[in-house]
Amino acid sequence: MFRTMPGNWYEELPGGHAFGDDFKVPGYAARRMADRYEWMVGLGSDQIGYFVALSNYRVLCVADRLGAPGTCAALHAAGLIEFPDAIAGATCKRVTEDPGTLPPVPAAAQVIALSCRYGQLIGEANGHYEETNSAGWDIANDMMDAIGVLTGSSDATEVNPDFPGWWQGYLPPHDLP
């Protein structure tokens, strides 16, 4: 139901998060464990960071905060960034690994490059706090790769998309076993 009814899991307005087929994760840890005792990896006292799927990663566009209000919305309207307040994680990953893929518009390229470098430090995109504490846009893949090495399983099956799931604002139906 997460893929078909994402509103049950997000307090923000629709459109601010990837959902449905656009929400991609590289598997889940429990699926890769065949031993009697299972273990989990997550945000703990060592602050390794939140695991944010790259498809749902948003990095704050910093131009508005650095003294040019309206710049981020204008870049979004021009199709140069993906969101009125943020750059998609996939874009930041791409331009960080290959700066030659920045747009040929110098002002836009500068905003995107600065945002990808400092966006997590300066603040959060609307409804995307987790990115401010994530170790990077590859952390989910990196951790699943490490779990694959430890367990010998590289099963990338995602959590059952039909599972209704729950959180404090959307408790499970009473008819679940």
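Everything numeric here is computed off the predicted structure, so don't read it as measured data. (Residues numbered from 1 in each chain as written. Predicted model: local features only at pLDDT ≥ 70, side-chain atom pairs only at ≥ 80, totals over all residues. Heavy atoms only, no water.)

A. Region of interest: the environment of Ala156. Within the element layout of this structure, Ala156 appears in the segment after helix H4 (139-151). Exposure remark for Ala156: the relative accessible area of 47% places this residue in the partly exposed category. Separated by 125 residues in sequence, Ala156 and Arg31 place their C-alpha atoms 8.5 Å apart. Apart from residues no more than four positions distant in its own chain, Ala156 is found in contact with Val25, Pro26, Gly27 and Arg32. (Helix = DSSP H or I, 4+ residues; strand = E, 2+ residues; numbered from the N terminus. Buried < 20%, exposed > 50% of the residue type's maximum accessible area, 1.4 Å probe, protein only. Contact = heavy atoms within 4.5 Å.)

B. Looking closely at the state of the cysteines. Within the structure shown, the criterion is met by two disulfides. Two residues share a disulfide in this structure: Cys61 and Cys72, whose sulfurs sit 2.1 Å from each other. Every disulfide takes its handedness from the sign of the S-S torsion; for Cys61 and Cys72 that torsion is -85°, giving left-handed. With Cys61 in the loop between strand E1 (58-60) and helix H1 (71-77) and Cys72 in helix H1, the pair connects residues that are eleven residues apart, well separated along the chain. Judged by its relative accessible area of 2%, Cys61 falls in the buried class. Classification of Cys72 by relative accessible area gives buried; the value is 1%. Covalent S-S linkage joins Cys92 and Cys116, the inter-sulfur distance amounting to 2.0 Å. The chirality of the disulfide connecting Cys92 with Cys116 is left-handed, given an S-S dihedral of about -80°. Here Cys116 lies in helix H3 (residues 106-122) and Cys92 lies in helix H2 (residues 89-97), a separation of 24 residues in the sequence. Both residues of the pair, Cys92 and Cys116, count as buried. (Disulfide = S-S within 2.5 Å.)

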